[in-house]
Amino acid sequence: MSADPSADRTALARTRGELAAALELCPGPRAVVMTMGALHEGHFDLVRRAADLAGPGGTVVVTIFVNPLQFAAGEDLEAYPRDLERDVDGLERVLGERGESTGRLVVFAPTTEVIYPRGEPGVRIDPGPLATVLEGRSRPTHFAGVCQVVLTLLNLTAPQWALFGRKDAQQLAIVRAMVQDLAVGVEIVPVEIRREDDGLAMSSRNAYLSARERQQALALSRALEAGAVAARSGGDARAVRAAALEVLEAADGVEVDYAAVVNPGTFEDLAGAGLGLAAGAARSADAPAWLLAVAARVGSTRLIDNTLILP
């Protein structure tokens, strides 16, 4: 850890007991940010918002855990970047910049055995039909693993607020549904996507990209912009999807997984793309925002991105 002045307000917990003891010393408001580490400015935006909510008398809990249940066979579980010391230093720096306006920081960095003490969980969460399309179609076990760890961490940290980035839009929708359906006493707070200056959405997996692949990956943000332009020109959901898909399919080095226009809350397919839910392309004056979501593989790295399109 660094010698930052905020370090004396930081607790690092590795076990459930250490976490409970650290939280016992933090009776004020509490906000949690759940991560898999390899923190970047997108994560730090979540932490800053969490600090705003918790206030100077509150606590920000950041969990750092690479959850094996959300990785399928052949995915990058073992290769996923891990650097706890760097992550904690970054958190202390970000919160230290806020001075006395920030309360306590608790970093919970458990092992798999701490989160799943009986090994494979005997009781599993079914994330429902929302988890069967888009990311769920490509990664059918992913959201069950996400829900399992999110609910476990909510129970262990007992926050008033839990913050999630809009980049993982389907995850956000599923976590919101889980919290509502299971009557979990927490407010889910979304935070906007942080992008590099050239438009690439920040992601820990960007570290896998070579210099050439990183340039190729810009096709995702260009596709989103093309879809947004089509919408501003009066295009319906099918036209928006077609504009985005055209950019992705023409891009060198990009293997398209999907381009979709969906309802951001229900993930109803609005462009008739055969994604497994009821389809409809009509736009009405009181329609909710559309979510244009894309996924593609660049080299060996799978990337996702999205943008909200207002009617």
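No experiment lies behind these values; they were computed from the predicted model shown.

**Some remarks on the packing of helix 2 (residues 41–54) against helix 3 (residues 84–96)**
Link 1 in the chain: Interhelical geometry of helix 2 versus helix 3 gives an angle of 45° and a closest axis separation of 10 Å. Between helix 2 and helix 3, the angle is such that the two are oblique. Taken as a pair, helix 2 and helix 3 cross one another with a handedness that is right-handed. Of the residues in helix 3, those in contact with E41, F44, V47, R48 and A51 of helix 2 are G90, L91, R93, V94 and L95.
Link 2 in the chain: In terms of residue class, the contact of helix 2 with helix 3 is made up of 6 nonpolar, 1 polar and 3 charged.

**Describing the packing of helix 1 (residues 16–24) against helix 6 (residues 142–157)**
Link 1 in the chain: Interhelical geometry of helix 1 versus helix 6 gives an angle of 45° and a closest axis separation of 10 Å. Put simply, helix 1 runs oblique to helix 6. From helix 1, R16, L19 and L23 reach across to helix 6, where they touch T152, L156 and T157.
Link 2 in the chain: When the residues that make up the contact of helix 1 with helix 6 are grouped by side-chain class, the tally is 3 nonpolar, 2 polar and 1 charged.

**Looking at the packing of aromatic side chains**
Link 1 in the chain: One pass over the structure, following the stated rule, counts 2 aromatic pairs.
Link 2 in the chain: Centre to centre, the rings of F71 and Y80 are 6.1 Å apart; their planes meet at 80°, and the pair counts as edge-to-face. Each member of the pair, F71 together with Y80, is buried.

**Some details on the pattern of salt bridges**
Link 1 in the chain: Summed over all chains, the structure comprises 18 salt bridges.
Link 2 in the chain: Here E75 and R139 are joined by a salt bridge, their closest N and O atoms 2.9 Å apart. Of this pair, E75 sits in the loop between strand 3 (59–64) and helix 3 while R139 sits in the loop between helix 5 (135–138) and helix 6, and the two are 64 residues apart along the sequence.
Link 3 in the chain: Among the residues examined, R139 registers a relative accessible area of 13% and is labelled buried.
Link 4 in the chain: A salt bridge links E135 to R302, with the shortest nitrogen-to-oxygen separation between them at 2.7 Å. Here E135 is found in helix 5, whereas its partner R302 is found in strand 9 (residues 301–309), with 167 residues between them in sequence.
Link 5 in the chain: In this structure E135 comes out as buried when scored by relative accessible area, which is 6%.

**Concerning the nonpolar core**
Link 1 in the chain: By size, the foremost hydrophobic cluster in this structure holds 49 residues, and its most contacted members are V106, L134, V150, L154, F164, I188 and F267.
Link 2 in the chain: The element contributing the most residues to this core is helix 6, with 8 residues.
Link 3 in the chain: In terms of nonpolar packing, the next biggest core, distinct from the first, is built from 30 residues, A230, A251, A259 and I309 among them.

**With respect to the sheet that holds strand 9**
Link 1 in the chain: Ordered in space as 7-8-9, the 3 strands form an open sheet in which the pairing is antiparallel. Two strands bound the open sheet, and with one partner strand each, they are strand 7 (254–262) and strand 9. Neighbour-to-neighbour, the strand axes of this sheet turn through a mean angle of 15°, independent of strand direction.
Link 2 in the chain: On the sheet, helix 8 (residues 211–232) packs against strand 7, strand 8 (290–298) and strand 9 and is oriented at approximately 20° with respect to strand 9.
Link 3 in the chain: Running at roughly 170° to strand 7, helix 9 (residues 237–250) makes contact with strand 7, strand 8 and strand 9 of the sheet.

Cut-offs used in this document
- Each chain has its residues counted from 1, running along the sequence as written.
- Totals for whole chains, interfaces and linings use every residue, but because this is a predicted model, local features are given only for residues with pLDDT of at least 70 and side-chain atom pairs only at 80 or more, for both listing and counting.
- To obtain the side-chain values, all non-hydrogen atoms of the structure were used and water was disregarded.
- Axes here refer to lines fitted to C-alpha atoms; in helices the fit is confined to the stretch in contact. Angles between the N-to-C directions go from 0 to 180 degrees.
- Helical segments are the DSSP runs of H or I of at least four residues, strand segments are the runs of E of at least two, and each set is numbered from the N terminus.
- The labels follow the angle: roughly parallel below 35 degrees, roughly antiparallel above 145, roughly perpendicular from 65 to 115, and oblique for the rest.
- If you view the pair so one helix is near and one far, a crossing is left-handed when the near helix is turned anticlockwise from the far one by less than a right angle, and right-handed when it is turned clockwise.
- Contacts are residue-level and defined by heavy atoms, with any inter-residue pair within 4.5 Å sufficient.
- Lys, Arg, Asp and Glu make up the charged group, whereas Ala, Val, Leu, Ile, Met, Phe, Trp, Tyr, Cys and Pro make up the nonpolar group; the residues left over, Gly among them, are polar.
- Aromatic rings from Phe, Tyr and Trp, with only the six-membered ring used for Trp, were paired whenever their centres fell within 6.5 Å, and each pair was classed as stacked if the ring planes differed by under 30 degrees, edge-to-face if by over 60, and tilted otherwise.
- Only protein chains enter the accessibility calculation, which uses a 1.4 Å probe; a residue whose area is less than 20% of its type maximum is buried, one above 50% is exposed, and one in between is partly exposed.
- A carboxyl oxygen of Asp or Glu within 4 Å of a side-chain nitrogen of Lys or Arg is what we treat as a salt bridge.
- Buried Ala, Val, Leu, Ile, Met, Phe, Trp, Tyr and Cys residues form a nonpolar core when they are joined through side-chain atoms within 4.5 Å.
- Between any two strands, pairing holds if DSSP finds at least two bridges.

On their own, these measurements won't tell you what the molecule is for.
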